[in-house]
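Close look at the chain arrangement
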Amino acid sequence: MNSLLLVLVFCLSSSFAAYFNPGQEYIYKYETTVSAGSNDYTSFGSIFNITGKIRVQKADASLVTIKLEELLFGAHNGETSFTPTFPEFTTKSYQQLNPLTEPIQIRLDSNNLVESVVLSGNIPEWARNIQRGIATAFQLDSDRAASGQETNFVVEEKTINGECPTVHQVVKTADGVDIRKQRKHANCQNMAIRIRKPGTTAEPCIDENTRDVYNSNGYGSYRVSNFNGVQALTQVNVGSDLIYSVFGSKGHIQYAWQGTSCNLEEIKTSGFTKISAPSSPQTFDNLRYVFQSDFTADDDLATPRPYFFHYDQPATDESVLKVIADRVYVNIKKLADSLDTAKVYDDLTQFHSTSPFAVLPEISSLPYTHLKSLNARINQENDYTVKKLFLDSLVVAGTGPCALLVRDIVGSTTDVRTTANLIGPLPNYIRNPTEKLLVELESLIKPDLPKHNLRIIEFAFASLIGRTCTQYVCKKDYVQKYVNYFSSKYDNGATFEDKTAAVHALRNLGLGGATKKLLQIASDRNADRSIRTAAIAGITKATQKEAEETLLPIYYDKSTHHELRTKAAATFLLNYYDQNIAQQMVILLWGERCKYVKNFMYTFFEGLAYTTRPCQKLHGSHARSILAVFPPWKIDRTLSANYMRDYYDREYNFGHQTTLQVQKNGDSVLPVTIYGSLNGHIAGYGTSYLSFFIRLEGLGKALADRIISMTTGQINFDDLKQVFAKIGVKERTTTPLRIELALNLHNRVVAYHAADASTVTTVPMILKKLQEMKSSYEIELSRMVLLGGVIIEQPTEFGTPISVISSLTAIANLNIKTNREKSGTSISQTSDWNVQGDIFGISKVSNHFPAFGSMHSVTALRTLRSRVPRHFSLNFDYKALTMSFGVDTPTKEDPIMIMTHATALTAIASDKGVQSDNEAVDLLKASCPTCQPTTVISKGVSHRGTRQIGLPEVSKFKIFEGVKRGAKYFDCEKPHTRYDTIKKIMKFAGEQDKNAGKLGIVRAFLALQYARDSIFLSPVTQTCGLKAYYHRDPSAKSIFEKFEGNVQVKYFPDPNKKLGTKVQFKGQLNFKHGGSESQTRTVEVGGQITLTGIEKREVKLRFLAKDPSTQKNMVLCVETNTQMKKAVDFFSFEGENEPTFERKITLKWGEEPAAKNACPENNAFIKAVRKAHRSQDQVEESKSNSWPYKECQEQKGSAHWPGSLTPPTHECMQAAVDQTNLRESNITIEYQVDAEARNRWKKPAVVFAAFLLPYWDTDRSAVTEHVHSTDVETRGDAQYVKGSIEIDVSARKQNPSLDIHWHASHGDEHFHNVDLAAIPGPLKVRPVFSRFSPFFYESFKLGVFGYCASSAASVITFDNFTYHAELSECPTLLAGDCDDKPRYAVLTRKIGANKIGLTVYLGEHKLEMDDVNTIKVDGKPQPVTDNIYTDDDEEKLFKFLKFNPSTVVIMSEKLSLYISYTGSFATVTAGSRYRSTSCGLCGNFDSNPNNDLTGPDNTCKGISAEGMIKAYTVRDGKCAGEGSVCPV
């Protein structure tokens, strides 16, 4: 209908002065069509149509009167085509259209533009809005248009969408002119638009593909031509459209369109009736659309606003409200049931419709009294999930009545979880934050509340004040009142926790003096570092000048702690980025000594430089130029850093970014703080929807102390303390324990907890409670959240409303039921788990026709559901080291399933609520009896398909028969061929449009994230679903019902008194099948793992599979032997220390032999041998003058590191690591396999062969002899295929390659110079560690261990600082645990030319050695051999042995300590537990080499190398007068 009016308007607008004459009547026939739909795949729409006549009369030069007559209405829903034929449906007369027949008077100005409009006061507002639309079109600059000249010009017109610049184009025709008009509504002043969204911030990030995501335009074409001999406006074609393309031009596009054709039928010069004036006339001086409801500061909290702005009030009829309440109850019950059962997976309609979108609009319509009644009804049932979903719905709906009920519930409970779930996120979802609401919620702030309840309420109230007083001018000065309130809390806070909580509240408040107070706290040098950090993070609403004056001085001050400096830098650059300042910040790093700051800034700009996120692209290009002037630096993951990792799909406008700020220091290998932020991006807008902050300061030390105390028992520290007293050691204080956890939703703090050493006094009690463990318990957790959403409403140019709804919600549900029993040393447990996560997305564009309350829509639905039910049992005997377990296969009724489905549809419904949907359906059926109220946008069922992907549904392995499992596309109109699937996988896994840094695991994570989002969002229109499932197959004869197993382990440390470990185990796996052919298939497993020293590894495994149905037992044996050469000089790699590596792997399988525990012989087998050695390029490197070889050669045998052994310096260690990581190897694989096995390998072999094809050497005669001396005889027979593969690997640093030689029955194949870098990661052949454990090496690089070395003349500290000083003959502390509970100390002294002696204190034990052959243990000499010596204590605190002829090693795993001694050198390797509390010649182990020359008294810093020897001398006996605590 509005289109009809628009047509009329445009008809009239063609130019009154030039084309309409007073005393005449112009009659037009018109047809208006209004449609919502989609054309990008196939054309579907929901349409309504209005036809009739328009009478136009001109009273004088400036007054025009219009009247609509003979109005008919029709509707259609389904497949549409406007060319060449129009959808067929009939039109009828309805009395609801009568208000539109009221006359309209339009007063024009001298340019024939609308000056004012007179409308009837007796018709509803929706009808007047349509008449405003008529007046919008009823204007044209006739003088310029009538000139007949081809010209373009712009006129600002009063329109229903505001004051809009309108482009006119005049084109001459054979008998007149065409006048065309076009305007873009986004350019209109005072645009008539209403937006309702959560109280969350979304940052616009518009690029060329997203600037037209929401595109609204008006247009018209007017023809002036000859009509019965006179010039007249004979034809008008006008319209407007709104295009909504969330996923860009290539994705699903939704439209709302109106089009009108108007044709002149008759001009009457006499005999017509004069059109009367409107009844109860009202004059309006503008044409802007009037929304019948809007948010105001005086809204009644107990009564909700209408869901749509074009209604003046919600439902008030009691019977209707009761129906709505009942429907809310039923829909929540359905939603809860969908979390408990899998029924919705079988019905696609229910799969989509059972969602929060079925609850939220309805619950938003209920007043406070009805919500209270509904809450009481739900509480009576005592169903946790239903109750929780209802409460979450209250929060997400965010209406005034919902907020009042939240107030009631929170005010009546002390349960902190309920308070956090309800009041915490409420400020983000309140639709209309008003001062009235502040008054109601302020009553919740009660001083006598439990601490955390009050804190959560205060955070929420501060956030609500910020929103309210930003949107409205608060009459009561809430801002200043609560700035004072929280400032007082900060000033008077007794603990850092109280002060930090006040800082977070000020941050949420964010107005008035709140920011000023945060600026003061951030600059306060006397404030705790953790508190200042929180204040700095909250400075997001200061002015640019305030930010520069506060944050930059903190960053530039090199005496300030690096955590504060980097936090200030990050806050400034993220919120107040300035290119000149950013460049200055980097240039000053050339003089920076703090590596933590350098590493943080480099990782920050590196992440920003390569970000894909449109919001940061401008800064990203500048960051790339900044990296060019950054001081030389390499990322060190042991230091503070800012990791920014993201992906962005430029084709479809969505992406995600994860930011991780990690603060570290030398006190612990654990981070000091972690700040994480999750940022989503879609349709040109980005938002930080979740972030968290964790402080773990001092936790590593506290945990390590606890673990050591538990493993070592009570230790008498007196002896060690006496030694330290004789040195003058002052106790090193550990970093105070300080733990913080803060959770932010949409950049507002909603929860904060903290603890320190004074408050964590209950840890022993907690541990005791955990040990007692309840015999049974049940955990139920359920949460509904709104991840984002918006409702937009604006008028068409006809005056009818369009609404656009986009929303994303999620539900998580966890249900755990556990029963546990304890008997002696055995614990048994049975558990039922049900984990479910659902995500729901909707995008909907609707044309509304208020005359009928009908809503004509196009909707895109995206639903992802996942459920993982598990029933399992576990029994563990911690003394006997036995364990048994059982896992049930899920049933068909309760399966493991992940399913996502995307579809688009058109529909007609009532916008007054579901209770009126039948009226809208009747309206449709009256016009189009065959039309359905809902139709899926589709080319038809014949275009949809199902395709299995991945593994087949029924496994070929008999132990898994009777199971349905797999994955498939279903209901799909999108192409999903293998080619398409591979293309998508390559897109997800490729490097393009990803900011992954250089870590493969990050790139893999981004690929999975990208794939998940792409599959769920499904950006194109075509319907498609993807399902993965696992459950029993009830139709099978033998059904896999349960998987059971047991295992027993025996552990033998240092077998036969040799360094190493032996582990023996045996177990059994039972695959139980039910059904008509019930049976149990069994796999017995046995094995032994033996580790001898670091040079030998043996692994033996035997698997026996028993199948009662075939009476066959099959055996698989795996044997691995690894041998590395033992070095006489550990850090040498030449001569007798030349590293070698050999590994043999044998697999044999076949039927079980008669002999017990035997392996099959003369059956199928695979034997592989790998021999590795140094490559030629390694040998050449070792003889070069490059680092570290030149330095190591200079150190060996020098005055600082005397003797024949390679010194244990960092340079020599790095050289040894590089040289013993063997790059060249030869691999021989012999195989004898049956034909069936060969056939199973064919497909992967073909893929691999295709990869190798470019390296195939076709000239067999030219193949040179390779390093393998003999080829295995190859043959083929009826039973076995036999052959060998020989691989020569050269894993050199530059251009690594390998050669493959395959000898088979069909002949030989050779592949040369295969690019090793191109081989996928899991298949890539890498260099071999032949001496150093890769785990230890990586742990060493990450700072898990510290390494110190000493000779009689030099020391290398834990922090890799080297200094030279001669030892004295007095015992001197090399390294020690110098906190309040010292557990070790290593003393060294000079005992001869280039010789040193050691005294080691380990707990209450004292070990003394002057050579490598004897150690005095507590005064008793003990010979040192290659047999392990272990102390006699029950705790077995230490052991030692002769590692090689020249080296003694003392180990204490419980103390995390390893000491080696050669007579000339000594090394101490200490665990991270000793960070910052160590002292002695080895320094304090805090990752800062600049402070290693610190004396026994921690205040004595920067002493000389010689002074260190004097300072740490044990002043006792003949050495009583030697040195001093702080030598000058």
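Residues numbered from 1 in each chain as written. Predicted model: local features only at pLDDT ≥ 70, side-chain atom pairs only at ≥ 80, totals over all residues. Heavy atoms only, no water.

Structural notes on the sheet that holds strand β5 (residues 114–120)
Strands sit in the order β6-β7-β8-β11-β12-β13-β1-β2-β3-β4-β5-β14 across an open sheet of twelve strands; the sheet is antiparallel. Unpaired on one side and paired on the other, β6 (151–159) and β14 (281–284) mark the two borders of the sheet. The sheet shows a mean angle of 20° between the axes of neighbouring strands, taken without regard to direction. Pairing of strand β11 (residues 214–227) with strand β12 (residues 230–244) involves 14 bridges; the strand directions are antiparallel. Its bridge partner lying in β12, N215 is registered against I243. Sheet contacts for helix α3 (residues 125–137): β3 (63–79), β4 (104–108), β5, β6, β8 (176–184), β11 and β14; angle to β5, the most-contacted strand, approximately 150°. (Pairing = 2+ DSSP bridges. Helix = DSSP H or I, 4+ residues; strand = E, 2+ residues; numbered from the N terminus. Axes fitted to C-alpha atoms, helices over the stretch in contact; angles between N-to-C directions. Contact = heavy atoms within 4.5 Å.)

Quick word on the packing of aromatic side chains
This model, assessed by the stated rule, comprises 43 aromatic pairs. Consider the rings of F1130 and F1332, whose centres lie 5.3 Å apart with planes at 65°: the pair is edge-to-face. Of this pair, F1130 sits in the loop between β36 (1112–1124) and β37 (1141–1151) while F1332 sits in the loop between β45 (1328–1329) and α35 (1334–1341), and the two are 202 residues apart along the sequence. Ring geometry for Y1384 against Y1474: centres 5.0 Å apart, planes inclined by 75°, an arrangement best described as edge-to-face. In this pair, Y1384 is assigned in strand β50 (residues 1384–1392) and Y1474 in the loop between β59 (1466–1471) and β60 (1478–1479), connecting sequence segments 90 residues apart. With a relative accessible area of 0%, Y1474 lands in the buried category. Each residue in the set F48, F73, Y94, W126, F849 and F852 is aromatic and connected to the rest through ring pairs, giving one cluster. Against the face of Y555 rests R565, its NZ or CZ located 5.7 Å from the ring centre. When the ring centre of F496 is taken as origin, the NZ or CZ atom of R738, which lies over that ring, is 3.9 Å away. (Phe/Tyr/Trp six-rings, centres within 6.5 Å; stacked < 30°, edge-to-face > 60°. Buried < 20%, exposed > 50% of the residue type's maximum accessible area, 1.4 Å probe, protein only. Lys NZ or Arg CZ within 6 Å of the ring centre and 35° of its normal.)

Points about a negative patch on the surface
The grouping of D718, D719, E1404, D1418, D1432, D1433 and E1434 at the surface amounts to a negative patch. With respect to the helices, strands and loops of the structure, D1418 is situated in the loop between β53 (1414–1417) and β54 (1420–1423). (Patch = residues over 30% accessible without salt bridge, like charges linked within 9 Å, V, L, I, M, F, W, Y side chains within 5 Å. Areas by Shrake-Rupley, 256 points an atom, 1.4 Å probe, with all protein chains shown as cover. Salt bridge = Lys/Arg side-chain N within 4 Å of Asp/Glu carboxyl O. Lys, Arg positive; Asp, Glu negative; His and termini not counted. Charge placed at Lys NZ, Arg CZ, Asp CG, Glu CD.)

Section: empty space enclosed by the protein
Taken as a whole and assessed by the stated rule, the structure comprises nine cavities of 30 Å³ or more. Roughly 180 Å³ of volume is contained in the largest cavity. Partitioning the lining of the largest cavity into residue classes produces seven nonpolar, six polar and five charged. As a volume, the second largest cavity reaches approximately 140 Å³. If you go around the second largest cavity, you meet 14 residues; those closest to its centre are H504, R507, A534, A537 and F693. Among the elements of the structure, α16 (496–509), α18 (529–537) and β19 (738–745) are those that each provide at least two residues to the lining of the second largest cavity. A breakdown of the residues in the lining of the second largest cavity according to their chemical character gives six nonpolar, five polar and three charged. (1 Å grid on protein atoms, 1.4 Å probe; cavity = no way out; pocket = protein on both sides within 12 Å on 5 of 7 lines; lining within 4 Å. Points joined across faces, edges and corners; volume = space filled by probe spheres on them. Nonpolar A, V, L, I, M, F, W, Y, C, P; charged D, E, K, R; others polar.)

Observations concerning the sheet that holds β54
Taking strand neighbours across the sheet as the criterion, the seven strands line up as β54-β53-β52-β51-β50-β49-β60 in an open arrangement whose pairing is antiparallel. Sheet topology places β54 and β60 at the edges, where each strand pairs with a single neighbour. Examined bridge by bridge, strand β49 (residues 1372–1377) and β50 share four bridges and lie antiparallel to one another. Residue pairing in the sheet places T1372 in a bridge with T1388 of β50. Lying over the sheet, helix α25 (residues 718–727) contacts β49, β50 and β51 (1395–1402), oriented at roughly 55° with respect to β50.

Topic: the pairing of β3
Across the 17 residues of β3, twelve count as buried, placing the element largely inside the fold. Pairing of strand β2 (residues 44–58) with β3 involves 14 bridges; the strand directions are antiparallel. Along β3, the bridge assignment pairs G45 with G78. With antiparallel pairing between neighbouring strands as the criterion, β2 and β3 make up a hairpin whose turn holds four residues. Pairing between β3 and β4: four bridges, direction antiparallel.

Brief notes about the state of the cysteines
Two cysteines form a disulfide when their sulfur atoms are joined by a covalent bond. One pass over the full model with this rule turns up eleven disulfides. Between the sulfur atoms of C205 and its disulfide partner C615 the distance amounts to 1.2 Å. Separated by 410 residues along the polypeptide, C205 in the loop between β10 (203–204) and β11 and C615 in the loop between α22 (595–609) and α23 (617–627) bring together distant segments of the chain. The class for C615 is buried, based on a relative accessible area of 15%. For C1370, the disulfide goes to C1519, at an S-S distance of 2.1 Å. Because the torsion about its S-S bond is -95°, the bridge between C1370 and C1519 counts as left-handed. Here C1519 lies in the segment after α36 (1505–1511) and C1370 lies in the loop between β48 (1362–1364) and β49, a separation of 149 residues in the sequence. (Disulfide = S-S within 2.5 Å.)

Quick word on unusual backbone geometry
A cis geometry characterises the amide bond from W1187 onward to P1188, with omega recorded as 5°. Mapped onto the elements of the fold, P1188 is located in the loop between α30 (1176–1182) and α31 (1189–1195). In this structure, N1360 takes a positive phi of about 65° despite not being glycine. In this fold, N1360 is placed in the loop between β47 (1354–1356) and β48. Overall, N1360 belongs to the partly exposed group, its relative accessible area being 43%. Of note in this structure, D1418 is not a glycine but carries a positive phi near 50°. Look at D1418 and you get partly exposed, because its relative accessible area is 40%.

With respect to the nonpolar core
Within soluble globular proteins, side chains that are nonpolar generally end up buried alongside one another. Core analysis: the largest hydrophobic core is formed by 121 residues, its most contacted members being L394, M601 and F605. Ranked by the residues each element gives to this core, the list is headed by helix α14 (residues 451–471), at ten residues. Discounting residues that sit within four places of it in the chain, F605 has contacts with L573, Y577, A582, V586, A623, I626 and L627. Within the second largest apolar cluster, 59 residues are counted, among which are C1348, A1365, L1367 and A1511. (Core = buried A, V, L, I, M, F, W, Y, C linked by side-chain atoms within 4.5 Å.)

Let's talk about helix α24 (residues 699–712)
With 14 residues, α24 should cover 20 Å at 1.5 Å per step; its first-to-last C-alpha distance of 20 Å lies within 8% of that length. Within α24, the full set of buried residues consists of L699, G700, K701, A704, I708 and T712. Its buried side turned inward, α24 meets β18 (685–697) and β19. Backbone geometry just downstream of α24 places G713 in the positive-phi region, at approximately 70°. (Expected span 1.5 Å × (residues − 1).)

Re the side chain of S216
Note that S216 resides in strand β11. Polar side-chain contacts of S216 include one of 2.5 Å to the side chain of H185. With residues up to four places along the chain from it excluded, the contact list for S216 reads K184, H185, A186, D241, L242 and Q794. (Polar contact = N/O pair within 3.5 Å; in protein donor to acceptor, adjacent residues only side chain to side chain.)

Here we look at the confidence of the model for the protein
Residues of the protein with pLDDT of at least 70 account for 94%, and the chain-wide mean is 89. When the criterion is pLDDT under 50, residues 1–17 qualifies, and its contacts beyond four places in sequence or with other chains add up to 110 contacts. pLDDT under 50 marks residues 1269–1276. Its contacts with residues more than four places away, or in other chains, come to 20 contacts. (pLDDT = per-residue confidence, 0-100.)

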